[in-house]
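# A structural walkthrough
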Amino acid sequence: LDECNEFWLRKGNYISSYEKLKILSVVGGVPRYLEEIDTTAPADDIIRDLCFAKTGLLVHEFNDIFTDIFAKRSSHYQKILEKLNDGPKEAKELSESLNVTYTGAFLEYLEDLVKSGFISRDYTWHFSTGKVSKASHFRLSDNYIRFYLKYIEPSLWKIDHNDFAFRSLSSLPGWNSIMGYQFENLVLKNRRLIRERLNLTPDMIIADNPYFQRPTKKNAGCQVDYLIQTKFGVLYVGEIKFSLQPITTQVIQEVRSKIEQLARPKGFSVLPVLIHGNEVQGEVVDSGFFAKIIDFSEFLKNHARTTAIYQ
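The numbering scheme is per chain: residues are counted from 1 as the chain's sequence reads. Residues qualify for local features only when their pLDDT is at least 70, as the model is predicted, and side-chain atom pairs are given and counted only at 80 or more; totals for whole chains, interfaces and linings, by contrast, use all residues. To get the side-chain values, take all heavy atoms of the structure and skip hydrogens and water.

### Some details on the pattern of salt bridges
For salt bridges, the criterion is a side-chain nitrogen of Lys or Arg within 4 Å of an Asp or Glu carboxyl oxygen. In the structure shown here, the tally under the stated rule is 13 salt bridges. As a salt-bridge pair, Arg 195 and Asp 208 come within 2.9 Å of each other at their nearest N and O atoms. Separated by 13 residues along the polypeptide, Arg 195 in helix 12 (residues 191-197) and Asp 208 in strand 3 (residues 205-213) bring together distant segments of the chain. Comparing Arg 195 with Asp 208 shows no difference in burial state: the two are buried. Close ionic contact of Glu 239 with Lys 258 constitutes a salt bridge, the shortest N to O distance being 2.8 Å. Here Glu 239 is found in strand 5 (residues 234-241), whereas its partner Lys 258 is found in helix 13 (residues 250-261), with 19 residues between them in sequence. Lys 258 matches Glu 239 in its accessibility class, with the two residues each being buried. Per the convention used, a helix needs a DSSP run of H or I reaching at least four residues, while a strand needs a run of E reaching at least two, with both numbered from the N terminus. For each residue, the accessible area found with a 1.4 Å probe, counting protein chains only, is set against the maximum for its type, and the residue is called buried under 20%, exposed over 50%, and partly exposed in between.

Put into structure tokens, the structure is as follows:
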């Protein structure tokens, strides 16, 4: 994020963290895309010119990428991405939703997409041993790809005929919920910053990842946005939340429910952590429920360390 900040810092110190977050939620910090932005323009104008103007760089970028990388097999990969656009899935669940046979060839397709950086494979692990489990989710982790499939592709005809009326990101259907996914991707790609804010060094950590628990007769299923297990028997349960309105105390009950459902060995401590990108209500802070509340937008402010690059 420091490097992304440089694009705005060159033109001054006046762009808000929220404006930067909106742009990064779409372009994902890809240098080639950042180079095309007008750092003096509002985020909504930048997204309109990149994604919804006939000559916009990102209008046909998706097809160019897939043709270059996957050639004739590109349609197979695109179908996988379209399914993952609905949310993370296990490999077998994904093959069933696509109505394709669960074979080694299918797993190779998934591995290709992981290597290409379009999706991520998030493994769970065993708390008692710290060993990686066989259970894993595949997640669409490229922000531009997600944005393209959700908003650009369905509007291509209108865009090509200069008939798409884009007003703002918030006016796009379902944008608030999509922004949550995009924000989560940004956080997970910069999880080092979260660990540092928690004063956790690599040697202290057994495992850290998005975590899911399959439902069983004994335990309910649950999913944690970002879970960290330390060598000291501590689980940091991270809730990643983005809202245009200040986050309310409802988040406390949501996280408490996850903690209660989480099957963990006796003797483990749990520290809930809230990672947000806008504001939280004072009642959330005053409750003392969260061991740490991290404002992710702070990492997009122009701190002295970033400014020093240009001195």
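Still to come is the rest of the account.
### Overview of the environment of Ala 71
As for its placement among the helices and strands, Ala 71 is situated in the loop between helix 5 (61-70) and helix 6 (74-84). Distance from Ala 71 to Asp 225, taken between C-alpha atoms, is 34 Å for residues 154 residues apart in sequence.

### As for unusual backbone geometry
Its identity as a non-glycine residue notwithstanding, Asn 162 has a phi of 55°, on the positive side. Following the sequence through the fold, Asn 162 ends up in the loop between helix 10 (156-160) and helix 11 (175-189). Here Asn 199, not a glycine, exhibits a phi torsion of approximately 60°, which is positive. With respect to the helices and strands, Asn 199 occurs in the loop between helix 12 and strand 3.

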